[in-house]
Amino acid sequence: MKSRHLSQLDKALLGLRSLILTGEFAEGQRLSEVAVAKRLGLSRTPLRQAMDRLVAEGLLERIRTGGCRVAVFTKEDIADAIEIRSVIEGTAARMAAERGPDPKLLADAEASLDQIDAALNGPDGIDFDQYVHENARFHDLIAQLSGSTLIQREAERMALLPFASPSAFLSDQALIPDFQDSLGYAQRQHRSILDAIKKREGSRAEAVTREHARLALVNLNYLTDRYPVLTQSMQGLPMMANG
């Protein structure tokens, strides 16, 4: 019984999150539990639990009169979310350097960066799927290297917002040559972060990590300015308010 309940909750979470992030609902739209449950082929109990989780993640908002609506984010909200992630990840990198990194996690981070190098320099061009996967893994390892479960939890929570995650605005831009050039720069920052951690240089580790996190905002500004049509199909950006 328990496993069946969990699987229904997982299905509700994945299904509802996907509908929201792909813009199936209008920004600020109130969700009908009956209609959404029917669309996902679920009962209302796991759907309500999923809605509670997405309220905590920030993708939904409570309505005073009852129920939930899709959250609306301005470009300033997105910038704030990215800044918060930069603080969390920067603190994680500083703590890792000052406390001394776990050798196993450090080796895992090195291996992850080697995989990113391989993804960027493949014989058939950039392996974007591998890059995105290993990029997310590296950032997760930085949080783990902090040795703080609190930092890890907050980093995971921020990563649930698609426009604030370490891989924000990456997956949908594989065919943009001038955007691809920035990936090499990001990888050099990765190497600098890990080098600072290994050398126990806390301030440097924090500064480079915070600057690196802000690349997500640079990428957003670049894409909205140069490719505004493309951004309408990017995960999470249909939630951004116009204007």
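Note that this is a predicted model, so its numbers are computed, not measured.

Calculation criteria
Residues numbered from 1 in each chain as written. Predicted model: local features only at pLDDT ≥ 70, side-chain atom pairs only at ≥ 80, totals over all residues. Heavy atoms only, no water. Helix = DSSP H or I, 4+ residues; strand = E, 2+ residues; numbered from the N terminus. Expected span 1.5 Å × (residues − 1). Buried < 20%, exposed > 50% of the residue type's maximum accessible area, 1.4 Å probe, protein only. Axes fitted to C-alpha atoms, helices over the stretch in contact; angles between N-to-C directions. Parallel < 35°, antiparallel > 145°, perpendicular 65-115°, else oblique. Left-handed = near helix turned anticlockwise from the far one by under 90°. Contact = heavy atoms within 4.5 Å. Phe/Tyr/Trp six-rings, centres within 6.5 Å; stacked < 30°, edge-to-face > 60°. Salt bridge = Lys/Arg side-chain N within 4 Å of Asp/Glu carboxyl O.

Student: Outline helix H9 (residues 202–213), supporting the account with residue identities and numerical values.
Tutor: Taking 1.5 Å of rise per residue, the 12 residues of H9 would be expected to cover 16 Å, and the 16 Å separating its terminal C-alpha atoms lies within 8% of that figure. Of all the positions in H9, only Gly-202, Ala-205, Glu-206, Val-208, Thr-209, His-212 and Ala-213 are classed as buried.

Student: Help me get a handle on the packing of helix H4 (residues 75–99) against H9, residues and values and all.
Tutor: For the pair H4 and H9, the least separation of the axes is 7 Å and the interaxial angle reads 155°. By the criterion of interaxial angle, the relationship of H4 to H9 is roughly antiparallel. Read as a crossing pair, H4 and H9 show a hand that is right-handed. Across the interface between the two elements, Ile-82, Glu-83, Arg-85, Ser-86, Val-87, Glu-89, Gly-90, Thr-91, Ala-93, Arg-94, Ala-97 and Glu-98 from H4 touch Gly-202, Ala-205, Glu-206, Thr-209, Arg-210 and Ala-213 from H9.

Student: Requested: an account of the packing of aromatic side chains, with residues and values cited.
Tutor: In total, this model carries one aromatic pair according to the counting rule given. Arranged with centres 6.5 Å apart and planes meeting at 35°, the rings of Phe-128 and Tyr-131 form a pair that is tilted. Taken as a pair, Phe-128 and Tyr-131 lie in helix H6 (residues 128–145) at a separation of three residues, close to a single helical turn. Taking relative accessible area as the criterion, Phe-128 reaches 9% and is therefore assigned buried.

Student: Can you tell me about the pattern of salt bridges, naming the residues and giving the values?
Tutor: Taken as a whole and assessed by the stated rule, the structure comprises 22 salt bridges. Glu-134 is paired through a salt bridge with Arg-137; the nearest N and O atoms lie 3.2 Å apart. A residue pair is termed a helical-turn pair when its members lie 3 or 4 positions apart in one helix, as Glu-134 and Arg-137 do in helix H6 at three residues. Classification of Glu-134 as buried rests on a relative accessible area of 8%. When its relative accessible area of 31% is taken as the criterion, Arg-137 is described as partly exposed. A salt bridge links Asp-195 to Lys-199; its shortest N-O distance comes to 3.3 Å. Owing to a relative accessible area of 22%, Asp-195 belongs among the partly exposed residues under this scheme. Salt bridges linked by common partners bring Glu-110, Asp-114, Asp-117, Arg-191 and Lys-198 together as one network.

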